[in-house]
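Coordinate analysis (summary)
Letter by letter, the chains look like this.
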Amino acid sequence: MKKLLFLIGGILSSMAINAQVLDYNQAGVLFTSEDNNGTARYNAMGGAFGALGGDISGVDINPAGLAVFKKTQFSGTLGVFNSDIISNFYGNAIETNENKFDLTQFGGVLVLNGSRHAGARKVAVGFNYSRSKNFESNWSARGSSGFAPITDFYDPDLLYPNAEEQTFRNFTSGNNDKLVITIASQPNDKLYIGASVATHNLDFYQSTVAEEFNSDNDGNTFDVNAAEELTILGNGISFNVGLIAKPSQEVRLGVAYQSPTWYELSEESIVQEDQLFFNDQLDPSTDSPTRSVFDYRLTTPSRLTGSFAYLFGKEGLISFDYTYKNFKNIELRPGNEFVTENQNFTNDLKATSQFKVGAEWRIDNVSLRGGYLFEESPYEDAIDTDHITGYSFGVGFKLNGGMKVDLAYQNRTNTDVYNFLNTDGADPVELDINNDKITATLVFTF
């Protein structure tokens, strides 16, 4: 009888427990989002540079800002990233901390004297590499839902109705890197215009392990271990156009349109056949892992940004950016392969607003900076804490020989959920996410 139960359990376990790497809808949202990442000055001021210009990372928001530069400049940024995640699953909290150090930005601008006869007072060309999204994350969850999914498809009195514990371990790594090439001009004293094209390089990896420990009423145990790996690689392209108007010496107004990003993606999935343990003995019939490869295309939504800045002479400034993005417009292709997923984007997601505020005050050769960020969650059923909120501050030092050193600290927090049990009534894992980042930028001006 025990052998029969083992066989039945083996058949049902693949239906009942799933290691659950990201599905296509979750991946579409993840690859559409970006971190607030750039030079230390940009980071310290919350990324609110749409109407300011004069910073190479601000070109990612509004390419017209490149024409604000007065001199040729190059900059590089190093960053230390910390992710602190607290998972809560049926009252059991686990905290996981992850650190990463790398190059987050490198770019430069070449300022050319324009020809008045050609209608351009100044022309600037530039490039900027940045790490637009960091996928580094590591967390685990442990608890007992009170459900025994293995028995959901059969007679609970016959199998193992006592759910002792469920555990889940999730690890993700990789980046979405962006290289932006920009040209901008200042046709007159009141206007800056610019355009850019960006290439995107996406590298994402996820590994998950889910385990379930059950028992019957006679002292027998039945445990299941399910593992899965997902790798997604690809490239994308997008463009951006914008302008900055200067109606007075103190006021700057900016508007920019960023196109969708068109990705060509390839994924590889490796699924380990569920390993079954009856009274701590491994089922010898467990199959080898199965591998599948699939190519597809992803189109992210466009982005529209309006900006305002006010300058207090040469002493300081305050700036504000508002960005509108409609996540309903995410699309996977070929369409006949993703009918359900594309409908889910329309039904489950919404248009979002993002607000950025930044300020700077100069005292001799020292600049003090601060910023604030609010970004709505794209999900229709999101709660208030799912929205991203963040603050930042920093300092800049102007040195001799056209050199500057900038430092910044950023903090971003939000909540999220992850459902790894395919059982009606079972709660997902609740995640409290706290991300910190320290960046340092070295700037050379010629």
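Now for a description of the structure that goes with this document. (Residues numbered from 1 in each chain as written. Predicted model: local features only at pLDDT ≥ 70, side-chain atom pairs only at ≥ 80, totals over all residues. Heavy atoms only, no water.)

1. Quick look at helix 2 (residues 24-32)
Looking at helix 2, one finds that the buried residues are Asn25, Ala27, Gly28, Val29, Phe31 and Thr32. One side-chain oxygen at the N-terminal end of helix 2 lies 3.1 Å from the backbone nitrogen of asparagine 25; it belongs to aspartate 23. (Buried < 20%, exposed > 50% of the residue type's maximum accessible area, 1.4 Å probe, protein only. Helix = DSSP H or I, 4+ residues; strand = E, 2+ residues; numbered from the N terminus. Polar contact = N/O pair within 3.5 Å; in protein donor to acceptor, adjacent residues only side chain to side chain.)

2. A look at the side chain of serine 87
Within the secondary structure, serine 87 is located in strand 1 (residues 73-89). Of note is the side chain of serine 87, whose polar atom sits 2.5 Å from the backbone oxygen of serine 140. Apart from the residues lying within four places of it in its own chain, the contact partners of serine 87 are Asn92, Ala93, Ile94, Trp139, Ser140, Ala141, Val429, Glu430 and Leu431. (Contact = heavy atoms within 4.5 Å.)

3. Quick look at the environment of asparagine 88
When you line up the elements, asparagine 88 lands in strand 1. Looking at asparagine 88, the relative accessible area reads 30%, which means it is partly exposed. Between the C-alpha atom of asparagine 88 and that of leucine 373, which follows or precedes it by 285 residues, the distance is 26 Å. Every residue in contact with asparagine 88, bar those within four places of it in the chain, is listed here: Ala93, Pro428, Val429 and Glu430. In this structure the side chain of asparagine 88 is engaged in a polar contact, spanning 3.3 Å, whose partner is the backbone nitrogen of glycine 91.

4. Description of the nonpolar core
In terms of nonpolar packing, the biggest core is built from 33 residues, with Phe31, Trp139, Phe204 and Ile232 touching the most fellow members. Where this core is concerned, the elements lending two or more residues are helix 2, strand 1, strand 4 (137-143), strand 6 (191-215), strand 7 (221-245), strand 9 (262-278), strand 11 (290-299) and strand 19 (429-445). Leave out the neighbours within four places in its chain, and phenylalanine 31 touches Phe135, Asn176, Leu202, Phe204, Ile232, Tyr263, Leu265, Leu298 and Thr300. Core analysis: the next-biggest nonpolar cluster, separate from the first, contains 14 residues, Ile56, Val109, Val180 and Ala184 among them. (Core = buried A, V, L, I, M, F, W, Y, C linked by side-chain atoms within 4.5 Å.)

5. Observations regarding the pattern of salt bridges
The final tally for this structure, using the stated rule, is 17 salt bridges. As a salt-bridge pair, arginine 291 and glutamate 268 come within 2.2 Å of each other at their nearest N and O atoms. One end of the pair, arginine 291, is in strand 11; the other, glutamate 268, is in strand 9, with 23 residues separating them in the sequence. According to the relative accessible area criterion, glutamate 268 is partly exposed, its value standing at 26%. Put simply, aspartate 406 and arginine 369 hold a salt bridge, and the shortest N to O gap is 3.0 Å. Here the residue aspartate 406 occupies a position in strand 18 (residues 403-418), and arginine 369 occupies one in strand 16 (residues 366-375), the gap between them amounting to 37 residues. For the pair aspartate 406 and arginine 369, one class covers both residues: buried. A single network of salt bridges, built from pairs that share partners, joins Arg41, Glu360, Arg362, Arg369 and Asp406. (Salt bridge = Lys/Arg side-chain N within 4 Å of Asp/Glu carboxyl O.)

6. Details of the packing of aromatic side chains
A full pass over the atoms with the stated rule returns 28 aromatic pairs. Ring geometry for tyrosine 42 and phenylalanine 49: centres 5.7 Å apart, planes at 25°, overall stacked. The class of tyrosine 42 is buried, set by a relative accessible area of 4%. Under the relative-accessibility criterion, phenylalanine 49 is labelled buried at 1%. (Phe/Tyr/Trp six-rings, centres within 6.5 Å; stacked < 30°, edge-to-face > 60°.)

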